[in-house]
Amino acid sequence: MRLVAADTRCSSERAEKHMKTAIQKSISMLLAFALLLALLPAIAIPQAAAATGYDRGYSGGRGGDGVLYAYGIDVSEHQGTGFNFQNLKNAGYSYVILRCGFVSRKDYRFEEYYTNAKAAGLDVGTYFYSYASTASEASAEADLCLSYIAGKKFEYPVYFDFEDPSAQSYNGTTAYNICMAFMNKIEAAGYLTGLYGYASWFDEDYGGWVPTASICSKYECWLANYYDSDGSTMNS
């Protein structure tokens, strides 16, 4: 009987020892797993190279990152009266950039379009088409733009539309000073502002001649570069 009792105690002790070892191993594994989870944010995970090219979408910087985050269009009086913004919203678009005007007058449809776009639940930005040939003229255009948009609320920037063919005769420094004079004044008035124009003017990768790297590091840049309807030719 004593031998049996001794064997029973030994078996019990061995089982208890094995159980403690198993528990210790489990705890060690859990701690190691927790440590791995804590380190995951610091581990560099290889990412696919960011896509470039305005044909693949724009989300910041001059080349974009290849991801389309929202769909929108720009609209001016050329679209005519009664433009249906609700249909645009229903089709999946989330924003519009409305022309507010240019140096001689406000866009004829700006007030109508702003009201109807807001009523349709679309986010709104605006642009001013420039004919400025000097920084002082651009500053005066900014004053006009501010008078056109007074009292309006925008979810997207107030853009300086610098694309008139007459500007192609300017050198890069003159063009830079014109753009900055407008946008600096708009920013000083409390608006998010940005630059609109052709990639072939503003991006050296597309032959651009306006030194815009510093502009686009400070302000939003909306650069046009698109294919023909048949997809054969890139325009910028």
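What you see is a predicted model, and the numbers here were worked out from it, not measured in a lab.

K.L.:
Can you explain the overall build of the protein? Please cite residues and give values.
P.N.:
Helix and strand counts for the protein come out as 7 helices and 9 strands. Per-residue burial over the protein gives 35% buried out of 236 residues. A separation of at least 24 residues holds for 67% of the contacts in the protein among residues at least 6 apart in sequence. Entry remark: accessible area of the protein is about 13600 Å², with carbon and sulfur atoms responsible for 56%.

K.L.:
Can you break down the environment of Cys100 residue by residue, with the values?
P.N.:
Relative to the helices and strands, Cys100 resides in strand S2 (residues 95-102). Spatially, the C-alpha atoms of Cys100 and Leu146 are 9.6 Å apart, while their sequence positions differ by 46 residues. Those residues in contact with Cys100 that sit more than four places away from it in its chain are Lys106, Asp107, Phe110, Thr126, Tyr127, Phe128, Cys145, Tyr148 and Ile149.

K.L.:
Run through the nonpolar core, naming residues and quoting values.
P.N.:
Within the largest apolar cluster, 45 residues are counted, with the highest numbers of intra-cluster contacts made by Phe85 and Phe162. For Phe162, the contacting residues outside a window of four places in its chain are Ala167, Tyr170, Ala175, Ile178, Cys179, Leu195, Tyr196, Gly197, Trp201 and Phe202. Within the second largest apolar cluster, 6 residues are counted, among which are Tyr95, Tyr159, Tyr196 and Ala224.

K.L.:
Account for the packing of aromatic side chains, naming residues and giving values.
P.N.:
Tallying each qualifying case throughout the model produces 15 aromatic pairs. Between Phe128 and Tyr148, the ring centres sit 6.1 Å apart and the planes meet at 25°, which makes this aromatic pair stacked. In this pair, Phe128 is assigned in strand S4 (residues 123-129) and Tyr148 in helix H4 (residues 135-149), connecting sequence segments 20 residues apart. Each member of the pair Phe128 and Tyr148 is classed as buried. Within the aromatic cluster, the residues linked to one another by ring pairs are Phe128, Tyr148, Phe160, Phe162 and Phe182. The side chain of Arg105 reaches across the aromatic face of Tyr108, ending 3.6 Å from its centre. The cationic tip of Lys152 hangs over the ring face of Tyr114; the distance from NZ or CZ to the ring centre is 5.4 Å.

K.L.:
Got a sec to walk through the state of the cysteines? Specific residues and values, please.
P.N.:
Applying the stated criterion across every chain yields a total of 1 disulfide. Between Cys100, a cysteine without a disulfide, and Cys145, which holds the nearest cysteine sulfur, the sulfur-to-sulfur distance is 3.9 Å. Take Cys100: its relative accessible area is 0%, and that puts it in the buried class. Considering cysteine sulfurs only, Cys221 is the nearest to Cys179, which forms no disulfide, with 9.0 Å between them.

K.L.:
Lay out the environment of Cys221 in plain terms, naming residues and giving numbers.
P.N.:
If you trace the backbone, Cys221 turns up in strand S7 (residues 220-224). For Cys221, a relative accessible area of 2% translates into the label buried. Taking the C-alpha atoms as reference points, Cys221 and Thr193, 28 residues apart in sequence, are found 9.0 Å from one another.

K.L.:
Let's hear about H4: which residues, and what values?
P.N.:
Count 3.6 residues to each turn of an α-helix, and residues three or four apart come out pointing the same way. If you check H4, its first and last C-alpha atoms are 21 Å apart, about what 15 residues at 1.5 Å a residue would give, namely 21 Å. Of the residues making up H4, those classed as buried are Ala138, Ser139, Glu141, Ala142, Cys145, Leu146, Tyr148 and Ile149. Here the buried residues of H4 occupy an arc of 170° about the axis, which is enough to place them on one side. At the C-terminal side of H4, Gly151 shows a positive phi close to 85°.

K.L.:
A description of the pairing of S4 should follow, citing residues and the corresponding values.
P.N.:
Along a regular strand, successive side chains alternate from one face of the sheet to the other. The buried fraction of S4 is high, at 6 of 7 residues. When S4 meets strand S5 (residues 158-161), the two strands line up parallel, connected through 4 bridges. Across the sheet, Tyr127 pairs through a bridge with Tyr159, a residue of S5. Between the parallel elements S4 and S5, the chain passes through H4 in a crossover that is right-handed.

K.L.:
Got a sec to walk through the confidence of the model for the protein? Specific residues and values, please.
P.N.:
Here the protein averages 76 in pLDDT, and 64% of its residues register 70 or above. Across residues 34-63 the pLDDT falls below 50, and counting only partners more than four positions away or on other chains, this stretch makes 42 contacts in the model.

K.L.:
Please set out the pattern of salt bridges residue by residue, giving values where relevant.
P.N.:
If you walk through the whole model with that rule in mind, you get 9 salt bridges. Two residues, Arg99 and Glu77, come together in a salt bridge whose shortest N-O distance is 3.5 Å. Of this pair, Arg99 sits in strand S2 while Glu77 sits in the loop between strand S1 (72-75) and helix H2 (85-90), and the two are 22 residues apart along the sequence. Both residues of the pair, Arg99 and Glu77, count as buried. Of the charged contacts in the structure, one is a salt bridge between Glu77 and Arg105, with a shortest N-O distance of 2.9 Å. Note that Glu77 is positioned in the loop between S1 and H2 and Arg105 in strand S3 (residues 105-106), a separation of 28 residues in sequence.

Rules used in this analysis
Residues numbered from 1 in each chain as written. Predicted model: local features only at pLDDT ≥ 70, side-chain atom pairs only at ≥ 80, totals over all residues. Heavy atoms only, no water. Helix = DSSP H or I, 4+ residues; strand = E, 2+ residues; numbered from the N terminus. Buried < 20%, exposed > 50% of the residue type's maximum accessible area, 1.4 Å probe, protein only. Contact = heavy atoms within 4.5 Å. Areas by Shrake-Rupley, 256 points an atom, 1.4 Å probe, with all protein chains shown as cover. Core = buried A, V, L, I, M, F, W, Y, C linked by side-chain atoms within 4.5 Å. Phe/Tyr/Trp six-rings, centres within 6.5 Å; stacked < 30°, edge-to-face > 60°. Lys NZ or Arg CZ within 6 Å of the ring centre and 35° of its normal. Disulfide = S-S within 2.5 Å. Expected span 1.5 Å × (residues − 1). Arc of directions from axis to C-beta. Pairing = 2+ DSSP bridges. Right-handed = clockwise from strand over helix to strand, strands pointing away. pLDDT = per-residue confidence, 0-100. Salt bridge = Lys/Arg side-chain N within 4 Å of Asp/Glu carboxyl O.

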